[in-house]
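Analysis of the macromolecular model
Listed below, chain by chain, are the residues.
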Amino acid sequence: MSKNIYIVRHCQAQGQPAESPLTKEGFKQAAELAVLFSNIQINRIISSPFLRAIQSVEPFSKEMNIGIELDERLAERTLSSVNLPDWMDKLKATYEDMELKFEGGESSREAMDRIVTVVEEALESDDENIIIVTHGNIMSLLLKNYQESFGYEDWKSLRNPDVFLLKRDGETGAVTVERIHDSPYTIYCKQE
């Protein structure tokens, strides 16, 4: 049996703090995500505990009556606990040196290991179709784990929301990564 993990970057939010809600546009996007997933037999939803991630999947969760499991390991990566005026340069450097770490933050490797553990546990579960809702930087590190070429420029090209399908072949165990675009019809075609 193949496994499908839908990795979702949260919808447009009002800010970066954990308690930041979605914007008006973000709530519209969350409703569109519910439509996007409505023709797929989702068995489980796992989300970052950040409000913007939860709100991104809530319409679908309520419509399908599937509870949202919160997992701290899906929270956004902390680059540093101090203000870094040149944070974009610092972030770029962490894609080149996966062990690079700034004060009070975690390295790319640490953040990658954290989210990969959640995904690998999901892949080993009995559930066939799982949605995992998370954040841009840590999502990009997850994708880098399965597609080594995924880097800083790819992170910059991520949208809010964004959806990738990680598919594990039941026979070979190989994991493929595919970006699923905004149109609900794209995802439906992929399931045929």
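Residues numbered from 1 in each chain as written. Predicted model: local features only at pLDDT ≥ 70, side-chain atom pairs only at ≥ 80, totals over all residues. Heavy atoms only, no water.

**Let's talk about the pairing of strand 2 (residues 44-47)**
- Two elements, strand 2 and strand 4 (residues 129-134), share four bridges in a ladder whose sense is parallel. Paired with Arg44 across the two strands is Ile130, which belongs to strand 4.
- Bridging between strand 2 and strand 3 (residues 68-70) involves three bridges; their strand directions are parallel. Paired with Ser47 across the two strands is Leu70, which belongs to strand 3.
- Between strand 2 and its parallel partner strand 3, the chain crosses via helix 2 (residues 51-64), and the hand of that crossover is right-handed. (Pairing = 2+ DSSP bridges. Helix = DSSP H or I, 4+ residues; strand = E, 2+ residues; numbered from the N terminus. Right-handed = clockwise from strand over helix to strand, strands pointing away.)

**Comments concerning the pattern of salt bridges**
- Within this structure, the stated rule accounts for 14 salt bridges.
- Close ionic contact of Glu25 with Lys28 constitutes a salt bridge, the shortest N to O distance being 3.8 Å. Taken together, the residues Glu25 and Lys28, both in helix 1 (residues 24-37) and three residues apart, mark about one turn of the helix.
- For Glu120, the salt bridge goes to Arg168, with nearest N and O atoms at 3.0 Å. Remark: Arg168 occurs in strand 5 (residues 162-168) and Glu120 occurs in helix 4 (residues 108-124); sequence separation between them is 48 residues. (Salt bridge = Lys/Arg side-chain N within 4 Å of Asp/Glu carboxyl O.)

**Looking at the packing of aromatic side chains**
- One pass over the structure, following the stated rule, counts six aromatic pairs.
- A centroid spacing of 5.4 Å and a plane angle of 75° characterise the contact between Tyr6 and Phe37, whose relative ring orientation is edge-to-face. Of this pair, Tyr6 sits in strand 1 (residues 3-9) while Phe37 sits in helix 1; the two residues are 31 residues apart in sequence, bridging distant segments of the chain.
- The exposure class assigned to Tyr6 is buried, which follows from its relative accessible area of 0%.
- Take Phe37: its relative accessible area is 3%, and that puts it in the buried class.
- Here the aromatic rings of Tyr95 and Tyr152 are separated by 6.1 Å at their centres, their planes lie at 65°, and the arrangement is edge-to-face. Of this pair, Tyr95 sits in helix 3 (residues 87-96) while Tyr152 is found in helix 6 (residues 152-156), placing the two residues 57 residues apart along the sequence.
- The buried category is assigned to Tyr152, whose relative accessible area is 10%.
- A connected cluster of aromatic rings, assembled from ring pairs, spans Trp87, Tyr95, Tyr152 and Trp155. (Phe/Tyr/Trp six-rings, centres within 6.5 Å; stacked < 30°, edge-to-face > 60°. Buried < 20%, exposed > 50% of the residue type's maximum accessible area, 1.4 Å probe, protein only.)

**Some words on the sheet that holds strand 3**
- If you trace the six strands from one edge of the open sheet to the other, you get 3-2-4-1-5-6, paired in mixed fashion. Looking at which strands have only one partner, the edges of the open sheet turn out to be strand 3 and strand 6 (175-180). Ignoring strand direction, the axes of neighbouring strands in this sheet form an average angle of 25°. (Axes fitted to C-alpha atoms, helices over the stretch in contact; angles between N-to-C directions.)

**Observations regarding helix 3**
- Inspection of helix 3 places Leu91, Thr94 and Tyr95 among the buried residues, and these make up the whole buried set. The buried residues of helix 3 occupy one face: seen down the axis, they fall within an arc of 105°. Facing away from the buried side of helix 3 by more than 90 degrees, the exposed set consists of Asp89 and Glu96.
- Residues of helix 3 that are buried in the fold lie against helix 4, helix 5 (136-146) and helix 6. (Arc of directions from axis to C-beta. Contact = heavy atoms within 4.5 Å.)

**Regarding unusual backbone geometry**
- Each neighbour pair has its own omega, and for Asn160 with Pro161 the value is -10°, a cis peptide bond.
- When you line up the elements, Pro161 lands in the loop between helix 6 and strand 5.
- A positive phi is found at Asn65, a non-glycine position, where the angle reads about 55°.
- Inspection of the secondary structure puts Asn65 in the loop between helix 2 and strand 3.

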